[in-house]
Amino acid sequence: MPDIDYPRAYIHAAATTRYGRHEGSSALDLMAQAANEALAQSGLQRGDIDGVLCGYATTFPHLMLADLLSEKLGLQPHYAHGMQMGGATGAAMVMLARTLLRAGTCRRILVVAGENRLTGQAVDTSIQTLAQVGEPDTEVPNGASVPAYYALLASAYTHQTGLDRETLAEFAVLMREHAASHPHAHLRDPITVDQVLASKPIATPLNLLDCCPISDGAAALVLSADEGPVQVIGDGQAHRHQHLSALRDVLDTGAARACARALAEAKLESRHIDYLAIYDSFTITLVMLLEELGYAPRGGAGAPLRRGDFASSGALPLNTHGGLLSFGHSGVAGGLAHIVEAWTQLAGRAGERQIAPRRRALVHADGGVLSAHVSLVLQAEGTT
């Protein structure tokens, strides 16, 4: 049977607020700020938006957040949906937006997330709230936290692959180097490998500078079936476990499966990707994902990093905004910012931060403890 010629999905605009501390701003305020910027950038009227997808906010657990945000923005969509997939939510919303556009359900969709997690939530509350991704009968009652879950992953992974502690620290340094030139980044002061290794222990083998900061901030995208500067040409998901205790193989978390589906739909291979936007809640998250996705050898991600492959001027620029580790982590908006940056670079809209022209980006996000995986393939228009 011939291929069906579905409508295409383009990203027309992308924006973030500054990440860091926003005293007095609610999650809804931050979402509105990013959404208004993206809408203005798109050139669309509010009446043109017929779909709204909104990520959850732990500081603002409203039962109808997409409707509430639509009301605040003066939108009247005929499709509105709030989503919860942990750190994978941003990429999952883009995947759903693409599905809605290709099905003809919507024509122009606002995707938005934001949270005042730094100023609107006590640290102890954040720790307790996020720890609930753990298994309720065995993991949570024993006092496990998200850093502890990832530290256990790190211990198992380094044991199996020989990954060294210094490599993790080098990725923290790289993310800080990239954030230094971004005016919206939460953490911009340079750091060294020695500083990462000497920073406060959080959960062995992870130290403070191996962990992303808690931030206030928001991000928004406008997707449309009308032709735009960047097209979403592939997507895929994989779900192999929810709880860490159910993960049978740290070398197969589901990331590669999601990526393979996205690349297959895009009719591309890994070698066709020339920009990487990879989730990095911890240094171990970033390294494990890079290696499982096939962009670094097992236990050997330090080699391409030291060659300069992942630098802004390298063959595979990685998280050129600084990622969660330095740009900041404000819940769903933390992961959504990876997509904003990938779009900004592919569309040639980064100004003084613009890297050499890129054709195709792989975005990969995970939620939980490497539990929910979503991959996206973005392509600059005019690419063949």
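- Naming follows an unreviewed UniProt entry, where the chain appears as Thiolase of Bordetella genomosp. 4.

1. Some details on the sheet that holds strand β7 (residues 216-224)
Okay, step 1: Reading across from one edge, β3-β2-β4-β7-β1-β8-β11-β10-β9 is the order of the 9 strands in this open sheet, with mixed pairing throughout. Of all the strands in the sheet, the pair left with one neighbour each is β3 (79-83) and β9 (275-278). Going from strand to strand, the sheet's axes swing by 20° on average, the running direction of each strand aside.
Okay, step 2: Relative to strand β8 (residues 230-239), strand β1 (residues 10-16) runs antiparallel, the two sharing 2 bridges. Counted as the bridge partner of I11 is V230 from β8.
Okay, step 3: Packing of helix α12 (residues 332-346) onto the sheet brings it into contact with β1, β2 (51-55), β4 (108-116), β7, β8, β9, β10 (360-367) and β11 (372-380), and relative to β7 it is tilted by some 50°.

2. Details of the side chain of D280
Okay, step 1: Relative to the elements of secondary structure, D280 occurs in the loop between β9 and α9 (283-292).
Okay, step 2: Buried D280, no salt bridge; nearest opposite-charge side chain is R176, N-O distance 9.9 Å.
Okay, step 3: If we skip the residues at most four places from it in the chain, D280 touches M175, T285, L286, N319, G322, G323, L324, L325 and H338.

3. Here's the deal with the pairing of β2
Okay, step 1: Within β2, 5 of the 5 residues are buried, which leaves the element mostly enclosed by the surrounding structure.
Okay, step 2: Here β2 shows no split at all, with G51, L53 and G55 on one side and V52 and C54 on the other all buried.
Okay, step 3: Of the strand pairs in this sheet, β2 and β3 are connected by 5 bridges, and their pairing is parallel. Paired with V52 across the bridge in β3 is A80.

4. Quick notes on the nonpolar core
Okay, step 1: Counting residues in each nonpolar core, the largest one holds 103 residues, and the members touching the most others are L221, L276, I284, L318, I339 and L378.
Okay, step 2: With residues up to four places along the chain from it excluded, the contact list for L318 reads F171, L174, M175, H178, L276, I278, L286, L290 and F310.
Okay, step 3: Counting residues in each nonpolar core, the second largest holds 25 residues, with L30, A34, I49 and V222 among its members.

5. Comments concerning the environment of G20
Okay, step 1: Turning to its location among the elements, G20 is positioned in the loop between β1 and α1 (27-42).
Okay, step 2: Each C-alpha atom of the pair G20 and I214 lies 7.9 Å from the other, and the pair is 194 residues apart in sequence.
Okay, step 3: Setting aside anything within four residues of it in sequence, one finds G20 in contact with L118, H186, S215 and D216.

6. A few points about the pattern of salt bridges
Okay, step 1: This model, assessed by the stated rule, comprises 16 salt bridges.
Okay, step 2: Note that D274 and R359 form a salt bridge whose closest N and O atoms lie 3.3 Å from each other. Of this pair, D274 sits in the loop between α8 (255-266) and β9 while R359 sits in the loop between α12 and β10, and the two are 85 residues apart along the sequence.
Okay, step 3: Residue R359 is classed as partly exposed on the basis of its relative accessible area of 41%.
Okay, step 4: The partner of D309 in a salt bridge is R307, with the nearest N and O atoms 2.6 Å apart.
Okay, step 5: Exposure remark for D309: the relative accessible area of 18% places this residue in the buried category.
Okay, step 6: Within this structure, R98, R102, D235 and E265 form a network of salt bridges that share partners.

Quick notes on the rules
Residues numbered from 1 in each chain as written. Predicted model: local features only at pLDDT ≥ 70, side-chain atom pairs only at ≥ 80, totals over all residues. Heavy atoms only, no water. Pairing = 2+ DSSP bridges. Helix = DSSP H or I, 4+ residues; strand = E, 2+ residues; numbered from the N terminus. Axes fitted to C-alpha atoms, helices over the stretch in contact; angles between N-to-C directions. Contact = heavy atoms within 4.5 Å. Buried < 20%, exposed > 50% of the residue type's maximum accessible area, 1.4 Å probe, protein only. Lys, Arg positive; Asp, Glu negative; His and termini not counted. Salt bridge = Lys/Arg side-chain N within 4 Å of Asp/Glu carboxyl O. Core = buried A, V, L, I, M, F, W, Y, C linked by side-chain atoms within 4.5 Å.

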